[in-house]
Amino acid sequence: MTTERKIIHIDMDAFYASIEQRDHPELKGKPVAVGHADKRGVVAAASYEARKYGVRSAMSSVKARKLCPHLHFIEGRMDVYKEVSAQIHEIFHRYTDLIEPISLDEAFLDVTENKKGMELAVDIAREIKRSIRDELHLIASAGISYNKFLAKVASDLRKPDGLCTIHPAQAQDFIDHLPIEAFWGVGPVTAQKMHILGIYNGRTLRECSLEMLVRQFGKAGQIYYDFARGIDNRPVEPTRIRKSIGCEHTLEKDISVRSAVIIELYHVACELCERLERKNFQGSTLTLKVKFHDFTQITRSLSTDKPLRTLKEILPLAKQLLNGVDYETHPVRLLGLSVSNPKENSFTSRNSEKKEWSQLRLNFDE
């Protein structure tokens, strides 16, 4: 009989904003947004006090100000956030070296076998939360379960300062009642499509056949089918493979003239090529991101048989992707390009499966 895994998902609460409130005591208890306050600025992170007014990340600074006139804007300090993230990981390593970072402020930990020999994962999660609070004066939420999917969902349930365990015996009933929007990887577009198909929660998802889900959602259908049954066999991987490199430019003013859009696309492509060279990265898929004046956005992708790395290879493809975009009647606010789908010469089968899953995640994050 195999031992059930013990997985913890740690997610810092309002990470960037909380660091700023910690380092600037006069901001404690006040609505704070990290980002640029100018009319072209975007909120990178918002404190819970700001969220009460509807302020959210990726929102324009102008809209955030309208929702919360007394909002305090703070310029981001990425070097500080990275340093604090490293300190959090030092705490994680007291318990396990099986740590998979998802971003600066969240990570999975496999504590099935842990350095302190603690039997209950919830006790480890509780100690980690306490250490983060006492040593770093920050708040974390934790989710605990037997796989990554459920641990991730659990960490979102009782924020801020949450602690939630989903036991194997409770998992199916929990999933059956889970709104489809709360499933990891289901964005607004996919959720809308599922609603049309009569899928509103885990129970109605579980009633769908595998054939139907694959027909409607492609490879992601298999993942939805498994999630509805509490199945997620992905291991916690301490070494993460870079999946993509990209860059984007928010423009000083909206543009709709072809020559101006092409010039800006050229600058974005040049920056992308510099990053690809610096990171020694090459992939076979180019993605164009366009955000319009009304904050709606689209992405367009194409793949080639050859690796993409130079401006000569990337710019013509970027122009090809741009040809299908109606920017003359929908002025452009932001342009972005990214290269993904790296072609590795020697993957283990496990890493290949992980890469495929990660690409699927990119596809469903809408």
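This text goes with the structure placed above it.
Scoring rules and cut-offs
Residues numbered from 1 in each chain as written. Predicted model: local features only at pLDDT ≥ 70, side-chain atom pairs only at ≥ 80, totals over all residues. Heavy atoms only, no water. Helix = DSSP H or I, 4+ residues; strand = E, 2+ residues; numbered from the N terminus. Polar contact = N/O pair within 3.5 Å; in protein donor to acceptor, adjacent residues only side chain to side chain. Pairing = 2+ DSSP bridges. Axes fitted to C-alpha atoms, helices over the stretch in contact; angles between N-to-C directions. Buried < 20%, exposed > 50% of the residue type's maximum accessible area, 1.4 Å probe, protein only. Salt bridge = Lys/Arg side-chain N within 4 Å of Asp/Glu carboxyl O. Parallel < 35°, antiparallel > 145°, perpendicular 65-115°, else oblique. Left-handed = near helix turned anticlockwise from the far one by under 90°. Contact = heavy atoms within 4.5 Å. Nonpolar A, V, L, I, M, F, W, Y, C, P; charged D, E, K, R; others polar. Phe/Tyr/Trp six-rings, centres within 6.5 Å; stacked < 30°, edge-to-face > 60°.

Caption draft 1: Layout of the side chain of Asn-341. With respect to the secondary-structure elements, Asn-341 resides in strand S12 (residues 332-342). A polar atom in the side chain of Asn-341 sits 3.1 Å from the side chain of Ser-284.

Caption draft 2: Quick look at the sheet that holds strand S8 (residues 163-165). Spatially, S5-S6-S1-S7-S8 is the arrangement adopted by the 5 strands of the open sheet, whose pairing is mixed. Each having just a single partner strand, strand S5 (99-103) and S8 make up the two edges of the open sheet. If you compare each strand with its neighbour and ignore which way they point, the axes differ by 15 degrees on average.

Caption draft 3: Molecular detail of the pairing of strand S10 (residues 283-292). A large share of S10 lies buried, amounting to 9 of its 10 residues. Both S10 and strand S11 (residues 297-308) contribute to a ladder of 8 bridges, which runs antiparallel. The residue bridging Leu-286 from the neighbouring strand is Leu-302, located in S11. In sequence, S10 turns back onto S11 through a hairpin of 4 residues, with Phe-295 there showing a positive phi of about 75 degrees. Summarising the sheet, S10 and S12 pair through 9 bridges and their orientation is antiparallel. Across the sheet, residue Thr-285 finds its bridge partner in S12, namely Ser-340.

Caption draft 4: A look at the pattern of salt bridges. Applying the stated criterion to the full structure yields 18 salt bridges. Lys-148 serves as the salt-bridge partner of Glu-100, at 2.7 Å between the closest nitrogen and oxygen. Taken as a pair, Glu-100 in strand S5 and Lys-148 in helix H6 (residues 148-157) lie far apart in primary sequence, 48 residues in all. Here Glu-100 matches Lys-148 in class, with each residue buried. Within this structure, Glu-20, Arg-22, Asp-23 and Arg-77 form a network of salt bridges that share partners.

Caption draft 5: Layout of the packing of helix H4 (residues 78-92) against helix H5 (residues 121-136). Close contact between H4 and H5 brings their axes to 10 Å; oriented N to C, the two are set at 135 degrees. In terms of axis orientation, H4 runs oblique to H5. In this structure, H4 crosses over H5, and the sense of that crossing is right-handed. Mapping the contact onto sequence places Gln-87, Ile-88, Ile-91 and Phe-92 in H4 and Ile-128, Ser-131, Ile-132, Glu-135 and Leu-136 in H5. Looking at the contact of H4 with H5 residue by residue, the class counts come to 6 nonpolar, 2 polar and 1 charged.

Caption draft 6: Spatial organisation of the environment of Val-34. Inspection of the secondary structure puts Val-34 in strand S2 (residues 32-35). The exposure class of Val-34 is buried, given its relative accessible area of 2%. For the pair Val-34 and Tyr-16, spaced 18 residues apart in sequence, the C-alpha to C-alpha distance is 6.9 Å. If near-sequence neighbours (up to four positions away) are discounted, Val-34 is found in contact with Tyr-16, Ala-17, Glu-20, Val-42, Val-43, Ala-44, Ala-45, Ile-74, Glu-75, Gly-76 and Tyr-81.

Caption draft 7: Fine view of the sheet that holds S11. Pairing is antiparallel across the open sheet formed by 4 strands, whose spatial order is S9-S12-S10-S11. The open sheet is flanked by strand S9 (244-255) and S11, the only strands paired with a single partner. Geometrically, the sheet is characterised by an average inter-axis angle of 15 degrees between neighbouring strands, direction not taken into account. The strands touched by helix H12 (residues 258-279) within the sheet are S9, S10, S11 and S12, with S9 carrying the most contacts at an inclination of about 155 degrees. The sheet contacts of helix H13 (residues 311-322) involve S10, S11 and S12, and relative to S11 the element is tilted by about 145 degrees.

Caption draft 8: Quick look at the packing of aromatic side chains. Evaluated as defined, the whole model comprises 6 aromatic pairs. Measuring from ring centre to ring centre gives 5.9 Å for Phe-15 and Tyr-16, while their planes differ by 45 degrees; the resulting arrangement is tilted. Looking at Phe-15, the relative accessible area reads 3%, which means it is buried. An angle of 5 degrees between the planes, with centres 4.1 Å apart, marks the rings of Phe-149 and Phe-227 as stacked. Pair noted here: Phe-149 is in helix H6 and Phe-227 is in helix H11 (residues 220-227), with a separation of 78 residues, a long-range link. Accessibility classification places Phe-149 together with Phe-227 in one group, the buried group.

Remember that the coordinates give geometry; whether it matters functionally is a separate question.
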